[in-house]
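# Summary of structural features
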Amino acid sequence: MGTEDKAAVLPGRKIGELFTHSGETRVRPWVLLASMAAFFCLAIEVELLEHIDGISLYLTYSEFVVLVGIALVLLLLAAAVGWLCILALAQTAGLVPGLRRYKAALAWYLGVGMGFCYFVYEVIGAARVLLPRWQPSMELQVLIIAILAGLSVFGFLKGSVDALQHFGVTRLVPISLLHSTVAILTFVLLISDGTHFFHDYAPGGHATGAQSPDIYLITIDALSAEHTSLYGYSRPTTPNLERFAERGFTFDSFFANSNYTTPSAASIVTGKLPWSHRIFQFSGFLRGAAQHETLTTLLRQRGYYTAIISSNYAATPILQRIMPSYDAVEYVPPLGFGGYWFRFTNFVGSKHQYFLDAALPNRVGLVRFLSEADALIFPFRYPSPAEPVFDKARTLLERSDIPQPRFVWTHILPPHDPYLPPEPYRDRFASAKGDLASGDFMKMQNKNVLPQGVTSDELRARYDEMVLYADDVVGHYLDWLDQTGRLDRSIVIVSADHGESFEHGRYFHGGPNLDQDVIRIPLLIHLPGQQTPGRITQLAQQADLLPTLIDLIGAEIPSWTEGASLKPVLEGKVLPQRYIFSMNLERDRIFDPISKGILAVFDDEFKYVIRLDNREEWLYRYKTDRLEEHNLIASEPEVTKRLHDVLFAELEEVNKRPAGRP
C-alpha cells in the first residue's frame, strides 16, 4: 500500500491512536471554540426556559429577547476566555516531551468537557424544578457531572477524530453560529445605546449655591428590630446604635413596606408602596415616569450631590434603573469568583444594565456555580464584608471637588445570610460546636430546613453575631462622622431594608410571610446639632422617609408620594391616625391587577394579614404579641372587618390604575 493509501486510512483511526504519531490530523481550534460555545448556548437556553415563568412576570417580550442576547454575549465571551486558557495549557503541555503528542487531545477533552459539564449542570438545575423534592447538594452535583463527563470522555476515546469533528462541524458549529449572530446584533445594540465597558459610573459634581444640611442614609440589610438590644433584645447586639440613639430619635414602630430588599429599597427611594412602584420581583425596576419620581431626583433639583455605595445589588439604582438621578454609584461586589463575574458584566451606561448585573446573574447557572465554588473553597468567609462600603464612603466625603451639599446612601449586606461572622465576633453568642458553613446556607435556602445537628437557637445566635458585627462597623462610621464634625451639621438616618425570621419554622426572609421579625425594623434619625434623645411611639413606614427628608430641607413634598412626613413627630406633634401597609407580591405579574401575594395593614394596635390566593387571614396585637402566637380573627370580628375593608378598598383603587408598559 502506498503513502497516499495509508493517509487515506487515517480518518478512521481512534483518538487514542491518532495522537500517538506526529504529523497527523489535529483538531482545528475554531471547531473547538465553536463546540464549546454551542454547549454554553444550549446551557443558557435550558436556564432561561427554566425561569421563563418568573421572568415573564416583570419583562415584556422585547425585553426578554434583549435579555437572551445579552446572556449570549457574556457566555460567548466566557467561552472564548476558557478556550484561550485551554489552548495555552495545551501549548504548555506540548513543551513537555512526554506530553507533546497528547496536547491536541488535551485541548479537545478539556474544551468540550467544560462546555458539556456546564450544560449538564443546567440540566440538573432544570431537573430540580421538575422534581422539587430532589434538591441535590453541591457535592452530589459535582459527582453527577464528573460521572457524565467520564462517560463522555470514554465515548470520545471510542470514536474517530473525523467523526467527532464532523459532529462538531455539522451539529455544534451551526448552533454556535446562530447564537453568535444574535449575540453580535445585541452587542451592536449595546454600543449604540451608549454602553461603556468595565468601569464604574460616577459623573462629576455640579456647583450650586444651596445651603442645606448633608444627608447620610445608612441601611443595614436584614436587620430585625426584634434582634437589637436597642429595642430591648436580651443579647447586647447593638451597643453602638444605642449610643447613637442618645443623640437622636428612635422610632419604636417602624415597618418595612416589603419583606425583601428590592421592593423595600424602592419604597425608600420613591416614597411609594410596592403596589404603586410596581417592583414586585428581585430583578424588577422602575418604569416610565416613575424613574423620575424619586428622592434623589428631588435632591438633585435642590442642588445636592447624590451618591450611593452598596454591597447588595438589589439596593442599587443600577437595578432600579434610576442611575441618572445619582452623581456617583458604586456597587461593592462580593469576594471571590462571583465578584469577578460582576466586574466582567459591568457594562455601565446602558439602559439594559439591570439585565447585565441583576436579571442575568440571578438566572445564569454559571454565576451560581461560581458562588458555590466560592462556598467550597472558603466555607467560613463572609462574602460581602461591610468595611469596604464605608471605606469608599469616607473617600468620597473627603473629596474637595464636590462643592454642594451631599446625600450619601450606604447600604451594607451584613447581617444578611450566610451568618459567617468574622473574628472577633464569632462564637460570642453561639457554641463553636455548631459551626455553619456557606454550603449549609445554600441548602437551607433551597429547602428551608436546618442542617443536621443545627438548631434554630444556634442559627439565631449566629445571626446575632452578625448583627453585632454590623453594629460595630456602622458605629465606626458614625464615630468618624462625629470626629470630623460632619455629624453635627447633618441629617443622619439609620435603618434597614427588612428584618429576618426565626419563628414558626421559617428562616431568612422573603416569600409569603410578613412576620413581625421580618418587617419590623429600626429607625434612628439625628438632626443637625441634636444632642438629646427622643422616643417616638407613632406608627411609621419606609415610604415616609422621602417626604420626611424633603420636608426637613424645606422643599415641597410631591403629590405622588404615599408616605407622610415625620417632621411634625420630630417636633413633638401627633400625626393624624392612619394606616400603613406591607406586602409581598412576587407572584403577581406587574402588568396585571394584583390577585396573589400577601398583604398586611396596621393601625396603632392591630396588624391584619391576608393571603390573596387562599384568603387565609391573621390578626395580631403586634405591640404585645411580638411572636404572633395569638390569631385574633375569631375573637375580634369587628376589627378584622374594618382592617379587611380598608385594605381591599386600597387594593381596589390600585387595581384600577393602568400598570403601564415602557
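Before reading further, recall that the structure is shown in the block above.
Just so you know, these numbers come straight off a predicted model, no measurement behind them. (Residues numbered from 1 in each chain as written. Predicted model: local features only at pLDDT ≥ 70, side-chain atom pairs only at ≥ 80, totals over all residues. Heavy atoms only, no water.)

Below, the discussion takes up a nonpolar patch on the surface. Nonpolar side chains collect at one region of the surface, where Phe337, Leu376, Ile377 and Phe378 lie side by side and expose about 360 Å² of accessible area between them. Within the secondary structure layout, isoleucine 377 lies in helix α15 (residues 365–377). Residue class for isoleucine 377 comes out partly exposed when judged on its relative accessible area of 49%. (Patch = residues over 30% accessible without salt bridge, like charges linked within 9 Å, V, L, I, M, F, W, Y side chains within 5 Å. Areas by Shrake-Rupley, 256 points an atom, 1.4 Å probe, with all protein chains shown as cover. Salt bridge = Lys/Arg side-chain N within 4 Å of Asp/Glu carboxyl O. Helix = DSSP H or I, 4+ residues; strand = E, 2+ residues; numbered from the N terminus. Buried < 20%, exposed > 50% of the residue type's maximum accessible area, 1.4 Å probe, protein only.)

This paragraph deals with the environment of aspartate 374. Structurally, the position occupied by aspartate 374 is in helix α15. For the pair formed by aspartate 374 and glycine 336, sequence separation is 38 residues and the distance between their alpha carbons is 6.1 Å.

Turning our eyes to something else, we now look at the side chain of serine 229. Inspection of the secondary structure puts serine 229 in the loop between β2 (214–220) and α8 (239–245). Residues within four places of serine 229 in sequence aside, it is in contact with Arg235, Pro236, Thr237, Thr238, Pro239 and Glu242. (Contact = heavy atoms within 4.5 Å.)

Per the counting criterion, the structure on display carries 29 salt bridges. Measuring nitrogen to oxygen at the nearest pair gives 2.8 Å for the salt bridge that ties arginine 535 to aspartate 252. Taken together, the residues arginine 535 in strand β11 (residues 534–536) and aspartate 252 in the loop between β3 (249–251) and β4 (254–255) connect sequence positions 283 residues apart. Taking the relative accessible area as the measure of exposure, arginine 535 reaches 48% and is therefore partly exposed. It is possible to trace a salt-bridge network through shared partners that takes in Asp427, Glu458, Arg462 and Glu465.

The antiparallel open sheet is built from four strands, whose spatial order is β13-β14-β15-β16. The open sheet has two edge strands with one neighbour each: β13 (580–584) and β16 (617–621). In this sheet, neighbouring strand axes are inclined to one another by 15° on average, regardless of whether the strands run parallel or antiparallel. Here strand β15 (residues 606–611) pairs with β16 via five bridges, running antiparallel. Of the residues in β16, the one forming a bridge with valine 609 is tryptophan 618. Against the sheet, helix α22 (residues 637–656) touches β13, β14 (598–602), β15 and β16, its axis set at about 60° to β15. (Pairing = 2+ DSSP bridges. Axes fitted to C-alpha atoms, helices over the stretch in contact; angles between N-to-C directions.)

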